[in-house]
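Remarks on the overall topology
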Amino acid sequence: MKFMSEQLHRLWRGITLTLAAAVLLGGCSAPLVPEARVSRAERVHEPDAALLSQLRADWKALQVPGIAPQEYRRLVARYNDALLRLLRRYRADMRRAFERGERDYELPGIVFELEGGETHLPLREVYEDIVPAADIVTRDLQKHYTVPGLGVPMVGIVPAENVSKIGRRFNIRTRGTVSTLTAVMTFPTRKGAKPVLRMVARDQHETLALRGYRHQLAGDFSAAIEIYWNLTRVKEGRLLGLLRPQQLRDVNGLSCMEAYNPDKIPVILAHGLMSSAGTFDNLVNRLMSDPNIRLNYQFWYYNYPTGVSWTLTAARYREELMAARRQLDPHKRNRNWDNMVVVGHSMGGLITHYSQCTEPWHMLREYPLDSKGMMGSSALLRSAFFFRPVKAGMVVYMATPHRGAPLARYRIVMALTKLVQLPQNIVSEVVNIATLQQDSVLLNPGKLTEAFTSLSQLSPDSYSIRGLQGLQVRNVPTHSIIGDEGDGDTPRSSDGVVPYWSSHISWGGESIVPADHSVQDVPESAEILRNLLMEHLKRIGRSRR
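Our subject in this report is the structure included herewith. Since this is a predicted model, take the numbers as computed values, not measurements.

Moving on: the packing of aromatic side chains. Under the counting rule described, the total for this entry stands at twelve aromatic pairs. Judged by centre distance (5.3 Å) and plane angle (70°), the rings of Tyr-302 and Tyr-317 are edge-to-face. Of this pair, Tyr-302 sits in strand E11 (residues 297–303) while Tyr-317 sits in helix H9 (residues 310–328), placing them 15 residues apart in sequence. This pair shows no difference in class: Tyr-302 is buried, exactly as Tyr-317 is.

In structure tokens form, the structure reads like this:
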């Protein structure tokens, strides 16, 4: 009883904290970036021309063949410091020009190259701001990772209307996205040539070859991740996504922070109940600190309203993945899509698990539905039970309740279920199905509607959980990461929400980590997933780059 009481307290505390966060953050509309301010006294004391002169001298010294490593590091540090100060000034100038409505602002006396290739677009036609990563405070991330090297890490903030100008992007309909950049200023040797400020897409390049020498680029992926989730604002809708899923339709779907890179393997991350794709921020932040991971993998997020049953949400998940591949790999020639990795946390793991089933229609044996009538009346539900599985190269489950969560049986959760308002299209479909059933019990559409909420379908006694048991899944490498917040007493352990007996599956590998249900947040899980991803590269015969 004490354990049940603690679980209920944790659930209620999570609900109230999420609601409070939604209220407090509801008025925030801007990313957490510092204002662009540079004092006039600073520029008088050290003019821009003086900084440029120092940068030119350091750049020339860096090109000397056979330079000693210690001297190279000293020159890089001095070069980066001067460039950072100059970029802060340029940012302040640019912001003031934009505020005056000057759309054609250009850097004075500087040639600007964007994303590693020259562009003739004015800055404002791409970015609304370009912020030095050193000026961004990471509040949500547990650790801030940086990569030493040449250049100044920057975060380019791209408004929604300009996203199409910086590569093939998949974005949910929000305020925009970000570019992870590294600024490098070079000085051509030809007479009269202007300095060139290059903004290199850091997620595509680890090094930069200049004048016969390959420089390791500095990088900061943590700052970009922090700003990205503040731009999307999906974290603010966690409780709303549970109780009023229809209101979050504009932030649902498949998205990726980077521009699509066909040379990288997609890693698809699906979050859990009363959560959002932002729940993976610490996990991705840790993984991106490894150059082998960021060179070979690209992280995609599936954001969805968690009030809708996971069987229906899984249908949209599959549709989104198929639509993405049709657009990005229409001839299905890119093997990276066949080797993609799917990761699901909590209820997202159920979505992932179900989408790997080879004969999903057998789940209907547990449903109080006339399957023939359903197939004739509801395209929505046909897609939920009659589909081809997602072709993935590896599957990873995190704290997934494959056999349900006992918490869903509690009265407080059952009461919460009645507060969930399903989207109108789902309600209409359920009403149509209910009125076509032969069983008179089902003539009450409200009862059947309640069965299609996520909370109802998480109970170990639910039709969905019972139907999932015994379904065959694709034979692919599979691994479970399971939390144990107790005394290491597996198999009697629990992560506080999902007991081990529900998270454990009989196929694939398994790792137990000291964590509560937010198992994706702990460093041990990131290290396990990193090792799994590296093993996956070996298995598919892909060498590290």
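Burial along strand E7 (residues 207–210) is one-sided: Leu-208 and Leu-210 are buried, while Thr-207 and Ala-209, pointing the other way, are not. Both E7 and strand E8 (residues 213–216) contribute to a ladder of four bridges, which runs antiparallel. From the neighbouring strand, Leu-208 faces E8, where its bridge partner is His-215. In sequence, E7 turns back onto E8 through a hairpin of two residues, with Arg-211 there showing a positive phi of about 55°.

With that settled, consider the side chain of His-271. Looking at where His-271 falls in the secondary structure, it is placed in the loop between strand E10 (265–270) and helix H7 (281–287). Setting aside residues no more than four positions away along its own chain, His-271 makes contact with Ser-276, Ala-277, Thr-279, Phe-280, Tyr-302, Asn-303, Tyr-304, Thr-306, His-345, Met-347 and Gly-348.

Glancing now at the nonpolar core. Counting residues in each nonpolar core, the largest one holds 48 residues, and the members touching the most others are Leu-269, Phe-299 and Leu-533. Of all the secondary structure elements, the ones that give two or more residues to this core are strand E4 (152–159), helix H5 (221–232), E10, H7, E11, strand E12 (341–345), strand E13 (394–398) and helix H19 (523–539). The leading source of residues in this core is H5, at eight residues. Setting aside its immediate chain neighbours within four residues, Leu-533 contacts Val-267, Leu-287, Ile-293, Tyr-297, Val-341 and Met-394.

We now examine the sheet that holds strand E15 (residues 509–513). Strands in a sheet are paired, the pairing made by backbone hydrogen bonds, and the direction either parallel or antiparallel. Reading across from one edge, E9-E11-E10-E12-E13-E14-E15 is the order of the seven strands in this open sheet, with mixed pairing throughout. Edge positions in the open sheet fall to strand E9 (253–256) and E15, since each of these has one partner strand only. The mean angle between the axes of side-by-side strands here comes to 20°, regardless of whether they run parallel or antiparallel. In the sheet, E10 pairs with E12 via four bridges, with the strands oriented parallel. Residue pairing in the sheet places Ala-270 in a bridge with Gly-344 of E12. Along the sheet, H9 makes contact with E9, E10, E11 and E12, crossing E11 at roughly 140°. Lying on the sheet, H19 is in contact with E10, E11, E12, E13, strand E14 (478–483) and E15; it crosses E13 at an angle near 170°.

You will see that Lys-332, though not glycine, has its phi angle at about 55°, which is positive. Looking at the element boundaries, Lys-332 is found in the loop between H9 and helix H10 (335–338). By relative accessible area, Lys-332 is classed as exposed at 60%. Within the chain, Ala-399 stands out as a residue other than glycine whose phi angle is a positive 50°. Assignment of secondary structure puts Ala-399 in the loop between E13 and helix H14 (411–417). Relative accessible area serves as the criterion here: at 2%, Ala-399 is assigned to the buried category.

Thresholds applied
Residues numbered from 1 in each chain as written. Predicted model: local features only at pLDDT ≥ 70, side-chain atom pairs only at ≥ 80, totals over all residues. Heavy atoms only, no water. Phe/Tyr/Trp six-rings, centres within 6.5 Å; stacked < 30°, edge-to-face > 60°. Helix = DSSP H or I, 4+ residues; strand = E, 2+ residues; numbered from the N terminus. Buried < 20%, exposed > 50% of the residue type's maximum accessible area, 1.4 Å probe, protein only. Pairing = 2+ DSSP bridges. Contact = heavy atoms within 4.5 Å. Core = buried A, V, L, I, M, F, W, Y, C linked by side-chain atoms within 4.5 Å. Axes fitted to C-alpha atoms, helices over the stretch in contact; angles between N-to-C directions.

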